[in-house]
Amino acid sequence: MTADLDASTLRIYWLLLAVPLVLLAVFYLYPLSRVLWLSVTVPTPGFENFEKLYSSAAIQRIIWTTVRICVLTTMIALLLGYVVAYAAVHVRSLHGEMMLFLVLLSFWLSVLIRAFAWLTLLQRNGLINDWLMSWGLIDSPLTLVRNEFGVALGMVHYMVPYAALPIYANLKGIDPRLVPAARGLGATALQAFVKVYLPMSLPGLISASVLTFIFSLGFYITPALLGGGKTVMIAEYIAVQINETLNWGVATMLATTLLLAIFAILAAMSFFVDLRKMFGVK
Amino acid sequence: METGTSNGFRITLFGAWLAILFLTLPLVVVFPISFTPHRYLSLPDGAWSLRHYATLIDDPSWRNSIRDSLITGVASTVIAVVLGTMTAIGCWRLSSRLSETVRILMLTPMIVPSIVHALGFYQVWVQFNLIDTYTGLIIAHAMKSTPYVVISVSAALANVDLKLEQAARSLGAKVVQALWMVIIPAARPGILAGAVFAFALSWDELVVNLFITSRNVYTLPRKIWDGIQDNIDPAVASVAAVLIVLTVVAMLARFAVARRQRHTPLST
Amino acid sequence: MPVSLRLEAVSKRYSDQLAVDDVSLEIGAGRFVTLLGPSGSGKTTILMVIAGFARPTSGRIFAGSQDITDHPPERREFGMVFQGYALFPNMTVAENLAFPLKLRKMPRATIEREVERMLDTVRLVGLAQRYPRELSGGQQQRVALARALIFNPQVLLLDESLSALDKKLRAGLQEELRDLHTRLGTTFVFVTHDQDEALSMSDEVVIVNHGRIIQRGAPKALYDRPQSHFVADFLGRANFFDAVVAAASARELTYRIAGCAFRHALHAGDAAAPAGEPILIGLRPEKIALTRQEPAEGTNKLAAEITSVTYEGPNQHIRVTTPIGAMQVVAASSQLEIEAARGARAWLSWRPDASVVLHDDR
């Protein structure tokens, strides 16, 4: 196709690409490279920052907490997202549209607003504790926030639409005659689902899980608000290193590690999934 | 398409609605709190008050933060739309392995966690003297939003016949004229969708703002964040309520437009 | 004013293949010329080179006396109708038609008048405010034509534009195109793979294969006097004989195949083939007569047994076996004097001037 174009036309189209690319290089890729650069040059050149990944118990705890919460969050969000998407695909169109509308609504609402709403509900003097106590169900307030429970809850709440929407798009593309065909051949509803439908939805499920997981790794706002300084995930820890201890070396090292981990996961996935389809480019 | 009303499906549907309620109901809590007469987060026990809504209008720091968010949002959206559309069009026409690589590069900001590029922006913005400036914030937001515009416009362009550009040129249009008069209008839905996404992204952005702005540029999310950190100001609930209502209205409007478009007889 | 087109030794190479191979072509001003060939023959590439969308790797292109090789498409003032029509989906029919005129900065009143005139010419009056997606295939085709002609181009290029239409619609549009050409006198260059289309519409047909021009000429000349096996086989049906020349004179030669001898009257341009040389003979099925009685001496004749009959409405397509191999005959149903049935015996006969000597390019 490109060979069709004469030189001056080619120039115009490459210019269209070049301008954004140059701006991206200067104002985005260069900043990213600075982060990588700092991780191996501050405070002294070398990999000593990265050695802390092995030597610092605090850092290991943070990483473990992050991975633990993200895995949990992803699994729950996927389950809920799949259930919602499945239901939305299989009901009458108006019903399905309503479900989709509400999921989209949740998707578009500000992450801050959502975290704030959860905070007001889950606090020691928050609404849930107030109600539970006024109904006499508990004597003292439950600790629903400033711990992993609160963080996971907030993150799941944020992630369900991120899981549900791509799964929905994927499920919509499954031929609706397949399951009835399986039933007609003698399968029970459960068998038809497990042996026919689920495998067909697997690619979408895998894409959604990878997307959800890698987005949740870098989360800052929700865990910071709901973790209350007690449950700290990696993004917040990085911010603390910068703002409070001015430890740019550790901060950039962790940021680099996070970035490399995400790229590694994506690279591994690229063998199984078309990455472009996953991000909606194709 | 219905799978019939088997028990398994009924349970699934019930579970789905539970999940949806989980998604939407917590936000409802914001509304009663916003009407509390007290100066701390509480439910209005008896007396309802609009004082916290009034704060949004009377208090200059709230007004200014809304203004700052609007300025950054509009400006960064314009830039993101221009850059994203240029990228999408170039990739659409060139369709080579090299241009595909460029497209993937342009998507990097989507994959990188906010905290990571916030650090980067901080370092480089100090170098470029852009800290705590509108320009600096606008550029950072534009970089973050561009990938979404690229995706949105690329999707719209996938349905645009490549021959349209040739047809326009055969009729006497120069390449730029063909793009401006034919191709871009054909991709308009994608451009608009991308613009909405870009604006929403900028409007909600907090992490980057925390790092590269301080007093001079003070956007709404930062004001909310600060409002939550210390004693939570119920005005935050009012802002939250307003934002929720705005989002619902915007989505309903879009929904209605999409429905009307679908029901107008257009095809042969 | 229509203009002539000339390609001089044009080649177009894509990274791994030569799509157009040293093509020199002259298209007279005001002529309706069709580039005909199978898929991948290079005919569309030639059109794209003429249009300016493909730059020739070597060679030059002239419009009239002007060298347009380096002119971008928008400077060439050629109208083009694309496969799929490429109508601008966001514009109404009227806006589509007005587009080239707006580019040429014509005043609004003139534009409106020209759009009206053009809609009338292609018989689409009343559809001005419709959008392309609201039109049928045939209507879209006419809008595309109108848009390409509205600025009075010197040349109209058409790229397989009828291929998406059903048979009847195609036939109708072919007539309209022919009619338009007669009325407007513009030079038409038409690309198609459909030989019936090419033969019925064109002043001249250029047969293209493997990026080269195989043969060109008026439809009748090409059909009656193909010069190579490819052309004979591509344009309609043909019987082919791999024979050996038995005797040759100035006006006639005799060829033998499987023990039978036949006469072929030499035409101007037939290559002289000496005795003993292999020769490829082509014979159109409709030029063979099928009779019950053995024909008189003096004409080529052959005994045959019918193996199948295919009813084609006005014609019958009859396959036979003969001592020299399988052959096909096409006879008008109304003139067939024998009962054409499987197993029936009959005689084939044809005149010496019915056959052609073909260049063997298999």
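All figures in this text were calculated on a predicted structure; none of them were measured in a lab.

Student: Sorry if this is basic, but what is going on with the overall build of chain C here?
Tutor: Across its full length, chain C holds 8 helices and 20 strands. C-alpha atoms of chain C, sized along the principal axes, occupy 75 × 45 × 35 Å. Buried positions account for 53% of the 362 residues belonging to chain C. Of the contacts formed within chain C by residues at least 6 apart in sequence, a portion of 67% connects residues at least 24 apart. Counting only carbon and sulfur atoms, one obtains 48% of the accessible surface of chain C, whose full area is about 16,300 Å².

Student: Any chance you could explain the pairing of strand β14 (residues 278-283) of chain C here in plain terms?
Tutor: Both faces of the sheet carry side chains from a regular strand, because those side chains alternate between them. All names here are of chain C. Of all the 6 residues making up β14, 5 are buried; the element is thus mostly covered by neighbouring parts of the structure. Direction of pairing for β14 relative to strand β20 (residues 355-358): antiparallel, over a ladder of 4 bridges. Within β20, the position partnered with glycine 282 by the bridge is valine 356.

Student: Can you help me understand the domain arrangement of chain A in this one?
Tutor: You'll often see interface size given as the accessible area lost when the parts meet. All names here are of chain A. According to the domain assignment, chain A consists of domain 1 (1-39) and domain 2 (49-278). Once you take the C-alpha centre of each, domain 1 and domain 2 turn out to be 33 Å apart. Taken together, the contact pairs 5 residues of domain 1 with 9 residues of domain 2. Together, the buried faces of domain 1 and domain 2 total about 500 Å²; carbon and sulfur atoms form 72% of this surface. Run the count over domain 1 and domain 2 and you get 0 salt bridges. Taken together, the residues of the side of domain 1 that touches domain 2 break down into 4 nonpolar, 1 polar and no charged.

Student: Could you clarify how one ought to interpret the environment of alanine 9 of chain C in this entry?
Tutor: All names here are of chain C. Checked against the element boundaries, alanine 9 lands in strand β1 (residues 5-14). Taking the relative accessible area as the measure of exposure, alanine 9 reaches 32% and is therefore partly exposed. In this structure the C-alpha to C-alpha distance between alanine 9 and valine 23, which are 14 residues apart in sequence, comes to 4.9 Å. Not counting chain neighbours up to four residues away, the residues in contact with alanine 9 comprise Asp22, Val23, Ser24, Ser58 and Gly59.

Student: Where do I start with the side chain of threonine 34 of chain C in this structure?
Tutor: All names here are of chain C. Here threonine 34 lies in strand β3 (residues 32-36). Note on threonine 34: relative accessible area 0%, which makes it buried. In this structure the side chain of threonine 34 is engaged in a polar contact, spanning 2.5 Å, whose partner is the side chain of serine 202. Residue contacts for threonine 34: discarding those within four places in its chain leaves Phe190, Thr192, Ala198, Ser202, Glu204, Val205 and Val206.

Student: Sorry, what's going on with the sheet that holds strand β7 (residues 155-159) of chain C here?
Tutor: Strand pairing in a sheet is mediated by backbone hydrogen bonds. Such pairs are either parallel or antiparallel. Residue and element names in this part refer to chain C. With mixed pairing, the 6 strands of this open sheet are ordered in space as β6-β7-β8-β3-β9-β10. Looking at strand neighbours, the two that pair on one side only are β6 (78-81) and β10 (212-217), the edges of this open sheet. In this sheet, adjacent strand axes meet at a mean angle of 20° when their direction is disregarded. Relative to β10, strand β9 (residues 204-209) is paired through 5 bridges, and the arrangement is antiparallel. Pairing of valine 205 across the sheet is with glycine 217, part of β10.

Student: What am I meant to see in the pattern of salt bridges here?
Tutor: When the charged atoms of two side chains with opposite charge come close together, those side chains can pair. For the structure on display, the rule yields 34 salt bridges over all chains. Lysine 144 of chain B is the partner of glutamate 205 of chain B in a salt bridge, and the nearest nitrogen-oxygen pair spans 2.8 Å. Taken together, the residues glutamate 205 of chain B in the loop between α11 (188-204) and α12 (207-212) and lysine 144 of chain B in helix α8 (residues 134-157) connect sequence positions 61 residues apart. Here glutamate 205 of chain B and lysine 144 of chain B have matching classes, each one buried. Between aspartate 21 of chain C and arginine 212 of chain C there is a salt bridge whose closest N-O contact spans 3.0 Å. On the criterion of sequence distance, the pair formed by aspartate 21 of chain C in strand β2 (residues 17-27) and arginine 212 of chain C in strand β10 is long-range, its members being 191 residues apart.

Student: Quick question: what am I supposed to make of the packing of helix α12 (residues 248-269) of chain A against helix α7 (residues 114-128) of chain B here?
Tutor: Between two packed helices, the angle of one axis relative to the other and the distance separating the axes together describe the packing. Orientation of α12 of chain A relative to α7 of chain B, taken along the N-to-C sense of each, is 135°, at an axis distance of 9 Å. Here α12 of chain A is positioned oblique relative to α7 of chain B, judged by the angle of their axes. Both α12 of chain A and α7 of chain B take part in a crossing whose hand is left-handed. Seen from α12 of chain A, the contacting residues are Trp248, Ala251, Thr252, Ala255, Leu258 and Leu259 of chain A; seen from α7 of chain B, they are Ile115, Val116, Leu119, Tyr122 and Gln123 of chain B. Of the residues belonging to the contact of α12 of chain A with α7 of chain B, the class tally is 9 nonpolar, 2 polar and no charged.

Student: When you look at unusual backbone geometry in this model, what are you seeing that I'm missing?
Tutor: A negative phi angle is the norm for most residues apart from glycine, just as the trans form is the norm for most peptide bonds. The step from valine 42 of chain A to proline 43 of chain A runs through a cis peptide bond, and the omega angle for that step is -5°. In this fold, proline 43 of chain A is placed in the loop between α1 (7-39) and α2 (48-55). Positive phi is not limited to glycine here, since aspartate 22 of chain C has a value of about 50°. With respect to the secondary-structure elements, aspartate 22 of chain C resides in strand β2. Residues other than glycine seldom take positive phi values, yet glutamate 160 of chain C does so here, at roughly 45°. When its relative accessible area of 11% is taken as the criterion, glutamate 160 of chain C is described as buried.

Student: Sorry if this is basic, but what is going on with the interface of chain B and chain A here?
Tutor: Every contact between the two is made by 92 residues of chain B and, on the other side, 91 residues of chain A. With both sides pooled, the region where chain B packs onto chain A buries about 8,500 Å², and carbon together with sulfur makes up 83% of that total. One can count 0 salt bridges joining chain B with chain A. Run the count over chain B and chain A and you get 8 residue pairs in polar contact (both at pLDDT 80 or more). Among the elements that make up the side of chain B that touches chain A, the one with the highest residue count is helix α1 (residues 7-28) of chain B (13 residues). The residue makeup of the side of chain B that touches chain A, split by class, is 68 nonpolar, 15 polar and 9 charged.

Parameters at a glance
- All residue numbers here refer to positions counted from 1 along the written sequence of the relevant chain.
- Whichever chain is written first is A, and whichever ligand is written first is 1; the rest continue in order.
- Since the coordinates come from a predicted model, pLDDT governs what is reported: local features require at least 70, and pairs of side-chain atoms require 80 or more to be given and counted, while whole-chain, interface and lining totals use all residues.
- Excluded from the side-chain calculation are hydrogens and water; included are all heavy atoms of the structure.
- The helix and strand labels rest on DSSP assignments: H or I over at least four residues marks a helix, E over at least two residues marks a strand, and numbering proceeds from the N terminus.
- The cut-offs for exposure are 20% and 50% of the maximum accessible area for each residue type, with area from a 1.4 Å probe on protein chains only; residues under the lower value are buried, those over the upper are exposed, and the others partly exposed.
- Contact definition: two residues touch when any of their heavy atoms are within 4.5 Å.
- Surface accessibility in these figures is a Shrake-Rupley result with a 1.4 Å probe; residues are shielded only by whichever protein chains are displayed.
- A pair of strands is treated as paired once DSSP finds two or more bridges between them.
- Where a domain begins and ends is set by an automatic assignment or by a domain database.
- Accessible area that two parts lose when put together, with a 1.4 Å probe and added across both, is what the buried area reports.
- Should a side-chain nitrogen of Lys or Arg be within 4 Å of a carboxyl oxygen of Asp or Glu, the pair is scored as a salt bridge.
- Three categories are distinguished: nonpolar for Ala, Val, Leu, Ile, Met, Phe, Trp, Tyr, Cys and Pro, charged for Asp, Glu, Lys and Arg, and polar for the others, with Gly belonging to the last.
- N or O atoms within 3.5 Å of each other form a polar contact, as long as, within protein, one can give a hydrogen and the other can take it, and as long as residues adjacent in sequence are counted only when both atoms are side-chain atoms.
- Axis definition: a line fit to C-alpha positions, over the contact stretch in the case of helices; interaxial angles, taken between N-to-C directions, run 0 to 180 degrees.
- The cut-offs work like this: below 35 degrees is roughly parallel, past 145 is roughly antiparallel, 65 to 115 is roughly perpendicular, and the gaps in between are oblique.
- Should the near helix be turned anticlockwise from the far one by less than a right angle, the crossing is left-handed, and should it be turned clockwise, the crossing is right-handed.

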